[in-house]
2 protein chains.
Amino acid sequence: MDTTQLGYLAALLTTGSFLPQVLHTLRTRDTRSISLSMYLMFVCGTGTWLLYGLSIAALPVVLANALTLLLSSVILVMKLREVVRTRTAKSAP
Amino acid sequence: MDTTQLGYLAALLTTGSFLPQVLHTLRTRDTRSISLSMYLMFVCGTGTWLLYGLSIAALPVVLANALTLLLSSVILVMKLREVVRTRTAKSAP
């Protein structure tokens, strides 16, 4: 396996890994053991990688991070909804 | 901000994002909403990025992925322990 193939395999695995988490979260509707700070940082980081890929015109970096950004954003939105739901429940009279 | 700085910022955010998840998991001991498949794939992917970084002799890629591999492996081990604990409890007479 040459270096480029190694890079594509790595991108496939790390990008693809968020798909089972999205499916797990959609199925269980449970995000309690997921860290909000992780996904806030991760979504910002992936967005920055996307800008980086655009700035060096590297299509694989752009594609991998665009997909990762989409998947991790779904998880972030579901986590934020759980946080809002929990706070609303606590503040209810 | 030039391209190299953008890359370092992106690496800092995506690598650093696993630290709050490790702390959250160590504090709550709860991994139920974390996908085992995600972390199996992610740890393999990060290991592959590490090999990729070594093969192109890119120190930032090596350092970022070595740290991400360490942090995500901690989460994977805690998730595996929960899976084993749950299965043992189910098969107990």
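Residues numbered from 1 in each chain as written. Chains lettered and ligands numbered in written order. Predicted model: local features only at pLDDT ≥ 70, side-chain atom pairs only at ≥ 80, totals over all residues. Heavy atoms only, no water.

An unreviewed UniProt entry lists chain A under the name MtN3 and saliva related transmembrane protein, from Vogesella indigofera. As its UniProt record puts it under Subcellular location (unreviewed entry), chain A is described as follows: "Membrane". (UniProt positions renumbered as here; feature names shortened; annotations may be inferred.)

Caption draft 1: Main features of the UniProt feature "transmembrane region" (unreviewed entry) in chain A. All names here are of chain A. Sites flagged by UniProt as "transmembrane region" (unreviewed entry) map to residues 6-26, 33-52 and 58-78. Between the C-alpha atoms that bound residues 33-52 there is a distance of 31 Å. The span itself is 85% helix and 0% strand. Secondary structure within residues 58-78 divides into 95% helix and 0% strand; the distance between the first and last C-alpha atoms comes to 31 Å. (Helix = DSSP H or I, 4+ residues; strand = E, 2+ residues; numbered from the N terminus.)

Caption draft 2: Highlighting the relation of the copies chain B and chain A. Mapping chain B onto chain A is achieved by rotating through 180° and translating by 0.0 Å along the same axis, at an RMSD of 0.0 Å. Expressed as a symmetry operation, the mapping of one chain copy onto the other fits a two-fold axis. No C-alpha of chain B lies nearer the rotation axis than that of B:Ser33, which sits 2.7 Å from it. The fraction of interface residues of chain B whose copies in chain A are also interface residues reaches 100%, indicating that both copies meet through the same surface. (Least-squares fit on C-alpha atoms with pLDDT ≥ 70 in both. Contact = heavy atoms within 4.5 Å.)

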